[in-house]
Structures are given as C-alpha cells and as structure tokens.
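Chains, contacts and geometry: an overview
Letter by letter, the chains look like this.
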Amino acid sequence: MKRFFDTLLARVLGLVALLLVIGQFSAFQLAEFLQREPRAAAIALQAISTVNLTRAALLAAHEKRRSALLDELAQREGVRVYPLDPLDEVDPLPREAVLQLAAEKIRAELGADTLVAADHLGLPGLWVSFNIDEDDYWAVIPRARMERTLPWHWLSWGTGILLLSLGGAWAVAARVNRPLHRLAEEADRIGRGEPGGPLPEKGTRELRHVTRAFNAMRSALEQLDAERALLLAGVSHDLRTPLARLRLAVEMLDEADGLKSGMVQDIEDMNGVLGQFLDFVRGVAGETPESGDLDFLVRGVIERYDRAGKPIAFSLPALPPVMLYPLAMRRLLTNLVDNAIAHGGGTVEVVARPEAEGVGLRVLDRGPGIPEMEKARLLKPFERLDAARSDGGSGLGLAIAARIARLHGGRLELNNRPGGGLEVHVWLPRTS
C-alpha cells in the first residue's frame, strides 16, 4: 500500500480528488451565501403571514371558539400560540446569518418591539411575539417550515463528478505511466547488459521527446561499448602475439640465476592481465541466458582445480534452478577462487545453499581479510589494496565478478569471517 501511494498515479488521483473536494466545498459555500437573502426573506414572509393570520383569526373568532381555533391551528398547521409572560427571560437568537437577517425583516414589518426567539422554553421552532388588545402572545412556527431539506441531488451529482474526474485522471496518469514504465524496464535491461531495440516514439510531444533522447542515449552507449570492446580486443590481440614470441624466445634461453623463470612468470602475469581486461569488457556478450543447474556448473569448476592439484573444499546441497549465463558464471567463480587461492593462506571453500527467493554462493578463505572501509572501493575496476590482499594485479578480479553478478540480476558482497578470512557472497535470483 505504501508503494502505491508513492506512485505518480496515486499522487495524480489524490491531487484531483483534493481539488474537486475544495471546488465542491467552495461552490457549496458560495451557494449558501447567494441563498442567504432569499432564505431569510422566505422565513420572514412565512413568520409574518402566520402571525398576521393567527392574530386576525383570533380577533375574528368568538371568545368561546378561540380555544377550539388554537387546537385546530396546532393540528392542521403546526402553529402553536402561547401567552407571553413579561418575566420570561428570552435568549438571543443563534449567531446564524439567515436567522439574524430574517429577524430584522420580521421586526421591520411587525414592529421594532416584536420579540423573535428560537427554541424558547426548550420547545423547538421560531417564536414571534404579537399582541391582542392588552395581551401578548407567542406564535410558534414549526422548524420544518424554516429548514430546507438536504440537497441529496447535489451530493449525488458531486459524487458522480468526482468519480468521473478520478476515472479521467486515472486514464491520463496511466497513459503517462506506461511509457515511463517501459523506459524504466529498458534502463534496467541496459544496466544488466541485455540486448534490446529502440522504444517506439509515440504519445504526447514531451513523451516522444524523452523517448527519442533515451533511444539516442542507448544507441550511443551501445556504440561506445562496442568500440571499447573492439579497442581492447585489438590491443589484446596485438600484445599477445609479441608476448607469445617473447615467451618462446625466453624458453630457449639457458637458466641463469633464476632469471628465466622470473621472465616467464612476468609474461604469464601480463597475459593474465590482458585476459582480465577482455573478461571485464565481455560481460555476458554473446551468451543466451538459460535456466541452469548451478550445482553442476560449480562442480565442473572445482573438478578443474582438483585436476590442477589445487583441491577446493565444497558444500553443495540440492539447489533450485537459476537463470544463468554459463560462461560468464564460470568466469565469476574462477576469479573468486583464484583470488581466494592467491590470498587465502590455506584452505579455500565453496558453499552454495538456497536463500530467500534465490541461491547464495559463497567463496571462503582464511586470508587477512579486507578493512571495512575498503569493501565498496574494491568492487570498482582497477582498485587494489596496498595491504596483504594486493599482489600488483590488474584490480579487475572482484570487479568482473561483481559485474557478472549484476548482469544476472544478483549482487556480490564482501564479508570478513570470524577468526580471520574473507567471505565473498554472491546472491542469484531463482528462476521464476
């Protein structure tokens, strides 16, 4: 629910509803103001007519018939007549503009000494005084004759307008949300390195402009990435050829003071750095994702290390299927294992187990670990520690692994182990 209220659609609907409610309230207040004078005039006219007719009827009736006349007025018209006691305390009228204005009109017509009260002596109604000969009386007019009925038709029309407006706002916001949602999905796809085509440039002029700019940006990024890959591939090829010749020439030299083995190692290191450059640029290019068995892939990598005389301890229970780029995932695991062998100072262990909505893959060693403040920096390209876990390499091993994890929709984290050592945790989402 909180996520919905944070959306553009919810905010547009809320703004439209707020504006409509304010508009309806303002219209109601304006109608009240415009109807104040007519309502006061109608109430005053009703009161004046009732008082005059009642007074005239009482004057015209025989004294013996007055009691029956008063009963008939009460039953048929709801008008009651009470004697006015001069000692009664009359409360002032409520501070309602309509009643105050009606009282002014009543006094203007019946006389300035006319008393006007509301709900006098606890009996509801409009009380207006009049006199017959030397006696004063109250004429009580029922409230039903003064009060207007609730304008239900206004409420129904207002509710209908509100619903129609919200429906229109929903349609407009949805038309804006759909292309924005497509833009967000395509941006995520670009971030994962997945291929895609240009978005259709349709909709309002602003949306067409945004989509056109996004397509241009995407085309520029793809061209830049392709040129970078071509450049590094060309440099790697041009450098590896003379390195191979140099390696062959060095192998033909006689061993002298250990220089030959050192030169061979330097050439191997240079070749490895070039390979890491290519791995970083390549990402998952040329691969198609497939729902794969991570257990089978990890066992295959570990077996290669076993055959090379570098046994790896592992724990691999049954794992749910995950979406994999197989070659890229092998590069990720190989980089992490190589890093652990180089700096681990002992046994390297690979552990995989099911986790919340995915699979966790961990590569553990017992090396010196990494300072807490350096963890985020070491996941960036060409970043190395000056401490024990830096061997002067390219600084791309962890960056390659982190990038491949992101391209799988996962993440990579570095955690120091209790008792010393490093845990590299890779989380991958399971196949939906």
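Residues numbered from 1 in each chain as written. Predicted model: local features only at pLDDT ≥ 70, side-chain atom pairs only at ≥ 80, totals over all residues. Heavy atoms only, no water.

1. What about the overall build of the protein chain?
Put simply, the rule is: Think of it this way: any DSSP run of H or I at least four residues long counts as a helix, any run of E at least two long counts as a strand, and we number them from the N terminus. Throughout this description, buried means an accessible area under 20% of the type-specific maximum (1.4 Å probe, protein chains only), exposed means over 50%, and partly exposed covers the range between. In this analysis, two residues are considered to be in contact whenever any of their non-hydrogen atoms come within 4.5 Å of each other.
Helix and strand content of the protein chain: eleven helices and eleven strands. Scored against the burial criterion, the 432 residues of the protein chain give a buried share of 34%. Within the protein chain, residue pairs in contact and separated by at least 24 positions form 63% of the contacts whose partners lie at least 6 positions apart.

2. Considerations on the pairing of strand E4 (residues 135-141)
Condition: In this scheme, strands are said to pair when DSSP sees at least two bridges between them.
Both strand E1 (residues 80-83) and E4 contribute to a ladder of four bridges, which runs antiparallel. The partner of Pro-83 across the bridge, within E4, is Tyr-137. Where strand E3 (residues 126-132) folds back on E4, the antiparallel hairpin that results is connected by two residues, among which Asp-133 adopts a positive phi of roughly 60°.

3. Focus: a nonpolar patch on the surface
Stated precisely, the cut-off is as follows: To count toward a patch, a residue needs a relative accessible area over 30% and no salt bridge; like charges are then connected within 9 Å, while nonpolar side chains (Val, Leu, Ile, Met, Phe, Trp, Tyr) are connected within 5 Å. Here the open area of atoms and residues is found with the Shrake-Rupley method and a 1.4 Å probe, where only the protein chains shown may cover a residue. One speaks of a salt bridge when a side-chain nitrogen belonging to Lys or Arg is within 4 Å of a carboxyl oxygen belonging to Asp or Glu.
Taken together, the side chains of Leu-30, Phe-33 and Leu-34 make up a nonpolar region of the molecular surface, amounting to roughly 330 Å² of accessible area. Note that Leu-34 resides in helix H2 (residues 8-60). Assessed through its relative accessible area of 57%, Leu-34 is described here as exposed.

4. Notes on the packing of aromatic side chains
Inclusion rule: Working definition: a ring pair exists when centres of Phe, Tyr or Trp rings (six-membered ring for Trp) sit within 6.5 Å. Plane angles under 30 degrees give stacked, over 60 give edge-to-face, the rest tilted.
Applying the stated criterion across every chain, the model contains three aromatic pairs. An angle of 15° between the planes, with centres 5.5 Å apart, marks the rings of Tyr-82 and Trp-127 as stacked. Within this pair, whereas Tyr-82 is found in strand E1, its partner Trp-127 is found in strand E3, the two being separated by 45 residues in sequence. Relative to Trp-138, the ring of Trp-127 has its centre 5.7 Å away and its plane inclined at 75°; by these criteria the two rings are edge-to-face. Residue Trp-127 is located in strand E3, and its partner Trp-138 is located in strand E4; the two are separated by eleven residues in the primary sequence.

5. As for the nonpolar core
What counts here: Among buried residues, the Ala, Val, Leu, Ile, Met, Phe, Trp, Tyr and Cys ones that are joined through side-chain atoms within 4.5 Å form a nonpolar core.
Counting 40 residues, the largest nonpolar core has Leu-294, Leu-336, Val-350 and Leu-412 as the members making the most contacts within it. Broken down by secondary-structure element, the contributors of at least two residues to this core are helix H8 (294-307), strand E7 (322-324), helix H9 (326-343), strand E8 (349-355), strand E9 (358-364), helix H11 (397-407), strand E10 (411-416) and strand E11 (422-429). Examining the composition of this core, we find that seven residues originate from one element, H9, more than from any other. When near neighbours in sequence (up to four residues on either side) are disregarded, Leu-412 contacts Leu-336, Leu-379, Ala-401, Ala-402, Ala-405, Val-424, His-425 and Val-426. With 23 residues, the next largest nonpolar core counts Ile-48, Ile-106, Ala-118 and Ile-132 among its residues.

6. As for empty space enclosed by the protein
What counts here: Cavity and pocket criteria rest on a 1 Å grid covering protein atoms alone: a 1.4 Å probe that fits but cannot get out defines a cavity, protein on both sides within 12 Å along at least 5 of 7 lines defines an open pocket, and an atom within 4 Å of a point defines a lining residue. Grid points are joined across faces, edges and corners, and a volume is the space filled by probe spheres set on the points. Ten residues, namely Ala, Val, Leu, Ile, Met, Phe, Trp, Tyr, Cys and Pro, are considered nonpolar, four, namely Asp, Glu, Lys and Arg, are considered charged, and the remaining ones, Gly among them, are considered polar.
Evaluated as defined, the whole model comprises one cavity of 30 Å³ or more. When its volume is computed, the largest cavity comes out at roughly 30 Å³. Around the largest cavity sit Pro-179, Arg-182, Leu-183, Leu-199, Pro-200, Lys-202 and Thr-211, which together line it. It is helix H5 (residues 152-191) that contributes the most residues to the lining of the largest cavity, three residues altogether. Here the lining of the largest cavity is composed, by residue class, of four nonpolar, one polar and two charged.

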